[in-house]
Amino acid sequence: MGNQVVIIVGTFILLLTGLLLGYVLSQLVLGFLAFNLLTFFGTVSLILIFGTLYYVLFWQLKREQTQVIPTELPTQLETQTQTTTIPENHLKNKLISRLSGDVEAAERLIDQARQNYPGMPDNWYCERVLDDLDRDTR
């Protein structure tokens, strides 16, 4: 929600600044506005504001796109071949969200899986618990 507010407000200010900059430049070109130190610094400040907002807005959009987390886990065969590529935190966060934020229950389930299947990688335990929860909900 916070990122959307930044994008909406930034877009609004960017449009307003662009319109103001276009108006000032058109008045300068048409000769209705005298070119002096005040109009020069005003125009430069509008250009700087416009450029800064443009940069910040698209930086925010790019940052938001890189934070997108995939909602589906790969199949069991793919996870065995790519165990190191899936961050452990992602799987734990998915497990915690599946348990409605109950961190202690997630840790208990992972510890129970460790006792039942010793010697496996940490990612495997999270995947196992998630698969068990999926199977139990069916």
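Whatever comes next refers back to the structure up there.
Just so it is clear, the structure is predicted and the values come from calculations on it, not from any experiment.

Scanning all chains against the criterion turns up five salt bridges. Measuring nitrogen to oxygen at the nearest pair gives 3.3 Å for the salt bridge that ties Arg114 to Asp111. Of this pair, Arg114 and Asp111 both sit in helix 5 (residues 103–116), three residues apart, which is roughly one turn of the helix. Among the salt bridges present, the one from Arg128 reaches Asp132, with a minimum N-O distance of 3.6 Å. With Arg128 and Asp132 both in helix 6 (residues 122–137) and four residues apart, this pair spans about one turn of that helix.

Once that is clear, we can look at the packing of aromatic side chains. One pass over the structure, following the stated rule, counts five aromatic pairs. An angle of 80° between the planes, with centres 5.7 Å apart, marks the rings of Trp124 and Tyr125 as edge-to-face. With respect to burial, Trp124 and Tyr125 carry one shared label: buried. Taken together through their ring pairs, the aromatic side chains of Phe35, Phe40 and Phe41 make up a single cluster.

The next point concerns the packing of helix 5 against helix 6. Between helix 5 and helix 6, whose axes approach to 9 Å, the crossing angle comes to 110°. With respect to each other, helix 5 and helix 6 are oriented roughly perpendicular. Here helix 5 and helix 6 pass one another in a crossing that is right-handed. Within the contact between the two elements, helix 5 uses Leu109, Ile110, Ala113 and Arg114 and helix 6 uses Asp122, Tyr125, Cys126 and Val129. For the contact of helix 5 with helix 6, a count of residues per class yields six nonpolar, no polar and two charged.

Rules used throughout
For every chain, the first residue of the written sequence is number 1, and numbering continues from 1 onward in sequence order. Reporting of local features is limited, given that this is a predicted model, to residues whose pLDDT is at least 70; pairs of side-chain atoms are given and counted only at 80 or more, and all residues count toward the totals for whole chains, interfaces and linings. The basis for the side-chain values is all heavy atoms of the structure; hydrogens and waters are excluded. Salt bridges, as used here, are contacts in which a Lys or Arg side-chain nitrogen is within 4 Å of a carboxyl oxygen on Asp or Glu. Labels follow the DSSP assignment, with helices taken as runs of H or I lasting at least four residues and strands as runs of E lasting at least two, numbered in each case from the N terminus. We call Phe, Tyr and Trp rings a pair once their centres come within 6.5 Å, taking the six-membered ring for Trp, and we label the pair stacked below 30 degrees between planes, edge-to-face above 60, and tilted otherwise. For every residue, the accessible area (1.4 Å probe, protein chains only) is compared with the maximum for its type, and the residue is labelled buried under 20%, exposed over 50%, or partly exposed between those bounds. In this analysis, axes come from line fits to C-alpha atoms, helices being fitted only over the stretch in contact, and the angle between any two N-to-C directions falls in the range 0 to 180 degrees. Convention used here: angles under 35 degrees read as roughly parallel, angles over 145 as roughly antiparallel, angles from 65 to 115 as roughly perpendicular, and any remaining angle as oblique. We call a crossing left-handed when the near helix sits turned anticlockwise from the far one by less than a right angle, and right-handed when that turn is clockwise. In what follows, a contact means two residues having at least one pair of non-hydrogen atoms within 4.5 Å. Under the scheme applied here, ten amino acids are nonpolar (Ala, Val, Leu, Ile, Met, Phe, Trp, Tyr, Cys and Pro), four are charged (Asp, Glu, Lys and Arg), and all others, including Gly, are polar.

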